[in-house]
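# Observations on chain architecture
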Amino acid sequence: MAKESSSTNPTSVAYKKAVLKLGLKKNIGRALEIPDRELTVEVPFRRDNGEIDSVIGYRVQHNNTRGPFKGGIRYHQHVDIEEVRSLATLMTWKTALLDIPYGGGKGGIAVNPSNYSKTELERMSRRFFRGIDPIIGVNIDIPAPDVNTNAQVMSWFMDEYSQIHGYSPAIVTGKPIELGGSEGREAATGKGTAIITRETAEKWGIELNNAEVVIQGFGNVGSYAAKFLDEYGCKIIAVSDVSGGLYDPNGLDIKSLFEYNSKNRTIDGFKQGKKITNQELLALKCDFLIPAALGSAINKSNVNSIKCKAIIEAANGPVTGYAADSLWSRKIAIIPDILTNAGGVTVSYFEWVQNLQQFKWTEDDVNMKLEDKMVKSFDEVFSIKQKNKVPMRIASFMVAIDRVANAYNLREG
Ligand code: NAD
């Protein structure tokens, strides 16, 4: 993948442009960039062979002007303080954009979880949660799953916290349904992505029925986005995962593929479609291209081959800053990650509300409220885009930063 300088990081570029457009005072713009608190913890834990091992964990609390810090915890060998800080910052803007009463935070452990057994991961997770215990709380900071963490890890976190503080399901979201998880959470990010694609079709004058859609990544987000877009009547002509892509210009049978992938955890071996590479998939002519796998998937090296009408950023940061500028000049719309994939944190918020109320909502309740939030946020961003003649990403940051800056001024003034 082409290396592009950090000065083209789409988030920091968008932040700076939006601050300028808003005419925000320099001191406020600067204050909102600096994280409130950063914690690094050493996490000792016993291996199955009896030896003591030790890893490094982080929790960054970027901003809590509008509510408790909120954001996932990832386990990955590339986790470091810069990455966690930048993801925590993104959460502040994402929660503000969706007008959820949360701030932004993120955490992680620099570890490759596949090197450890389940019992080792459990001891490590519990010890990490004890390490960050002094700065988290049901109304202070609420973690969630992220890369390589899941409902099981959240159950360990919740149990560890509850042993110290008493039964506290609201301390984490993304829990199993049996422990207070929300109906609709698993599908939420893909559903949100499908809603945003539908709204984009309407505003960009693209017929949704039979619209040609290409999706990179068929994991949680990509597979559910495909399922709901198929239900909207779109024609999903190609999808891919790490094993490669499948292409059928007449449309793939998404119901069967969804089932096949749920069972086999891969699309490889599915009966329909011509095999193509991920690079060939990204270059297909289509109405909507939905990158739902990796950061920087569309970059300097392949941006000229892109032939869609709009890119719907389901993954975090799938289009580099350089590629975004090039696409903007070719009038290819990009609907940014902080809007497109915000369905996940929105339903996480619903989970927290249900835990605090000790009252369970039905899946229909959740989906109705999710639909409402996504459409309202899309409309707000679109109207700022039209008014200021800026790309959707800058408009999204303008809405989000304005919301946080107003709250900040009210509290500090
Ligand atoms: P996942 O692990 O469930 O799925 C990832 C998919 O991408 C898999 O199909 C995998 O095979 C595929 N993939 C991996 N490497 C690839 C490669 N080199 N080329 C093509 N495909 C590749 O992950 P997910 O939860 O679906 O998340 C996908 C993206 O969405 C990530 O960027 C994540 O940060 C973002 N996101 C997820 C959520 C959520 O709720 N799950 C919320 C917000 C953002």
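Structure report, in brief. All values derive from a computational prediction rather than experimental measurement.

Here we come to unusual backbone geometry. Positive phi, normally seen in glycine, also occurs at D99, with a value near 55°. As for its placement among the helices and strands, D99 is situated in the loop between helix 3 (81-97) and strand 4 (104-109). Even without glycine at this site, N210 takes up a positive phi of about 70°.

Now for the sheet that holds strand 10 (residues 285-291). Strand order in the open sheet formed by seven strands is 9-8-7-6-10-11-12, with mixed pairing between adjacent strands. Strand pairing shows two members of the sheet lacking a second neighbour, strand 9 (274-276) and strand 12 (333-335), which therefore form its edges. Taken over all neighbouring pairs, the strand axes of this sheet differ in orientation by 25° on average, direction set aside. Where strand 11 (residues 307-312) and strand 12 come together, three bridges link them in parallel fashion. The partner of I311 across the bridge, within strand 12, is I334.

As a further point, take the site of the ligand. Taken together, 18 residues form the shell around the ligand, and within it T189, F218, N220, V221 and V242 come nearest. Between the ligand and R185, the relevant distance is 3.4 Å, taken from an oxygen atom to a side-chain nitrogen or oxygen of the residue. When the free accessible area of the ligand is taken as 830 Å², the share hidden by the protein chains comes to 69%. At the level of elements, helix 6 (185-203) and helix 7 (220-231) are the ones that each hand at least two residues to the shell around the ligand.

Attention now moves to helix 2 (residues 26-33). Along an α-helix, residues three or four apart share an orientation, since each turn contains 3.6 residues. Considered for burial, the residues of helix 2 that qualify are I28, G29 and L32. Looking down the long axis of helix 2, one finds its buried residues gathered within 100° of arc, a one-sided arrangement. Residues of helix 2 that are exposed and point more than 90 degrees away from the buried face comprise K26 and R30. For helix 2, the elements touching its buried residues are helix 1 (10-22), strand 2 (52-63), helix 3 and helix 14 (392-412).

Definitions and cut-offs
Residues numbered from 1 in each chain as written. Predicted model: local features only at pLDDT ≥ 70, side-chain atom pairs only at ≥ 80, totals over all residues. Heavy atoms only, no water. Helix = DSSP H or I, 4+ residues; strand = E, 2+ residues; numbered from the N terminus. Pairing = 2+ DSSP bridges. Axes fitted to C-alpha atoms, helices over the stretch in contact; angles between N-to-C directions. Near = heavy atom within 4 Å. Polar contact = N/O pair within 3.5 Å; in protein donor to acceptor, adjacent residues only side chain to side chain. Areas by Shrake-Rupley, 256 points an atom, 1.4 Å probe, with all protein chains shown as cover. Buried < 20%, exposed > 50% of the residue type's maximum accessible area, 1.4 Å probe, protein only. Arc of directions from axis to C-beta. Contact = heavy atoms within 4.5 Å.

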